[in-house]
Amino acid sequence: MKITIVGSGYVGLVTGACFSEVGINVTCVDIDRNKIDKLNEGIIPIYEPGLEDMITRNMKKGRLLFTTNIQEALIDSEVLFISVGTPPDEDGSADLKYVLAVARDCGKYINDYLLVVTKSTVPVGTSQKVKEALQEELDKRNVSIKFDVASNPEFLKEGAAIDDFLKPDRIVVGLESERAEELMKSLYKPFTLNGHPVIFMDIISAEMTKYAANSMLAAKISFINDIANLCEIVGADINKVRKGIGSDSRIGNKFIYPGIGYGGSCFPKDVQALIKTAGEYDYELRVLKAVEAVNNDQKLVLFHKIMKYFNGDVKGKNIALWGLSFKPQTDDMREAPSLYIVNNLLKAGAIVKAYDPIAINEAKHHFGDTISYYEDQYETLIDADCLAILTEWPEFKFPNLKIVQKLLHRPAIFDGRNIYDKDEMKQNGFDYFCIGVNT
Ligand code: NAD
Ligand code: UGA
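None of these values were measured; they are calculated from a predicted model. (Residues numbered from 1 in each chain as written. Chains lettered and ligands numbered in written order. Predicted model: local features only at pLDDT ≥ 70, side-chain atom pairs only at ≥ 80, totals over all residues.)

1. Observations regarding the pairing of strand β12 (residues 386-389)
In step 1: The side-chain alternation of β12 yields two buried faces, one formed by Cys386 and Ala388 and the other by Leu387 and Ile389.
In step 2: Bridging between strand β9 (residues 318-322) and β12 involves 4 bridges; their strand directions are parallel. Along β12, the bridge assignment pairs Ile319 with Cys386.
In step 3: Where β12 and strand β13 (residues 412-415) come together, 3 bridges link them in parallel fashion. Along β13, the bridge assignment pairs Ala388 with Phe414. (Buried ≥ 20, exposed ≤ 12 C-beta atoms within 10 Å, placed from the backbone. Helix = DSSP H or I, 4+ residues; strand = E, 2+ residues; numbered from the N terminus. Pairing = 2+ DSSP bridges.)

2. Some words on the UniProt feature "domain: UDP-glucose/GDP-mannose dehydrogenase C-terminal" (unreviewed entry) in the chain
In step 1: Within this structure's numbering, the places UniProt gives as "domain: UDP-glucose/GDP-mannose dehydrogenase C-terminal" (unreviewed entry) are residues 320-422.
In step 2: Spanning residues 320-422, this segment combines 26% helix with 17% strand, and its end C-alpha atoms are found 20 Å apart. (UniProt positions renumbered as here; feature names shortened; annotations may be inferred.)

3. Concerning the confidence of the model for the chain
In step 1: Averaged over the chain, the pLDDT score is 97; the fraction of residues at 70 or greater is 100%.
In step 2: We note a pTM of 0.96 for the whole complex and an ipTM of 0.98 for its interfaces. (pLDDT = per-residue confidence, 0-100.)

4. A word on the nonpolar core
In step 1: The biggest cluster of nonpolar side chains holds 122 residues, and the ones touching the most others in it are Leu80, Val116, Ile319 and Ala388.
In step 2: No other element matches the 9 residues that helix α9 (residues 203-234) contributes to this core.
In step 3: Sequence-distant contacts of Leu80, that is, excluding residues within four places in its chain, are made with Ile3, Thr4, Val6, Leu74, Cys106, Leu114, Val116 and Val117. (Core = buried A, V, L, I, M, F, W, Y, C linked by C-beta atoms within 7 Å. Contact = placed C-beta atoms within 7 Å.)

5. With respect to the pairing of strand β10 (residues 351-355)
In step 1: Within β10, 4 of the 5 residues are buried, which leaves it mostly tucked inside the rest of the structure.
In step 2: Summarising the sheet, β9 and β10 pair through 5 bridges and their orientation is parallel. In the sheet register, Ile319 faces β10, and the bridge partner there is Val352.
In step 3: Assessed by its sense of winding, the connection that carries the chain from β9 through helix α14 (residues 337-347) to β10 is right-handed.
In step 4: Pairing of β10 with strand β11 (residues 372-373), which is carried by 2 bridges, proceeds in the parallel orientation. Across the sheet, the residue bridging to Ala354 is Tyr373, located in β11.
In step 5: In this region the chain leaves β10, passes through helix α15 (residues 360-367) and returns to the parallel neighbour β11; the handedness of that crossover is right-handed. (Right-handed = clockwise from strand over helix to strand, strands pointing away.)

This is the structure we're talking about:
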């Protein structure tokens, strides 16, 4: 089978690499010529564990191609996935201009049956709009060509994307024709042999499933952060409370880690977009509004702890930061809590020195030369007045505490990810602050 994937970002590249890995012929398309040229030279534009190997291996086998020419890519393709961005519009709703541009391209260039599958995260009703945009172009050409639309939202997590795609908990497919069902069944067969189910449903339910899943996960995080803040006030320890509630299988122990708020390219925008969609139907999603409000405050919890420690004045203080990406194993800085913390520290007059194992280049796009960057985590501590941990990269988990102690002016650690043991930190002479524990 030959398929086309339009949009070669996180989702498009992982989807393309994984389908080609199981033997399907894939052409990935993007309008960004620079990106496609680099991919053809074997340069992968994002950091995602395992992706570079998989892409180069399948390119060599001739099963994975990259092009800017969608018309060429469509020749002999039975299925096309739309995996372009759906960034928030000014009012918070999902901007569909990239998705609909691809739909129109399909209408301009297809000469045979095509199943158009939307993998981008899109509001309910979008597949219908895709159908209409494509049909309009066919009408302009005055041709009658059969096509189907389907919705196949993606649930991969950055940093674990390949594994999530190859061994998904489930694959959700919304469709409305038997032909589309047969195609999707055979396409996903290699990924479902080990019992990972494809859940077929109608298109609107599939579109809603994606937003409901991300919103539920975001709600778990805001809930635990809210409880963490209360734990600090009443003298409870959120790390113990988390274990206590997570061992109830109805609650589960995943996605209840307190921290400095959820970031990334999806939770913040998807929560916002679902609130917006509900509003369009005169319905208020009260829980989600609270989820968003808690998260906005949580992004600054660590900043406020630092301010308090320095009696409200960080002017001229050197603050060392470990971790800038929105989570470990990615260089993605979109909506990273670090963006908010750094900007507030700078506004308050602090000097920021940062280290991240992978995200420094991305961070430079955001902060330019307003902060300084280091290639070694300990170098950030030279002349620093305190250390703050913003991302729980594994290499931060067992630092040489003697070196940290020796280099810091004041032995203060602000741990936004609860990766250290408070008693151990105290025994080693640190002033230690984390989330949800009164230290
Ligand atoms: P991205 O910004 O990394 O990549 C999108 C790509 O689409 C860009 O390279 C852009 O140049 C290209 N593009 C835009 N218009 C185009 C057009 N008309 N023709 C061809 N290419 C075009 O985006 P992403 O992170 O891969 O996300 C894509 C979608 O998937 C979004 O809707 C997102 O919400 C959803 N999603 C993302 C993730 C994730 O972890 N990043 C996970 C699940 C779902
Ligand atoms: C998330 C979802 O987990 C994916 O299933 C989904 O496909 C994706 O969004 C998407 O739609 O794009 P991702 O944003 O890559 O994936 O990362 P997550 O691991 O979900 O983390 C998101 C944020 O939540 C991070 O800032 C992380 O630090 C935070 N988080 C996560 C917590 O604060 N606590 C937790 O317990 C878990």
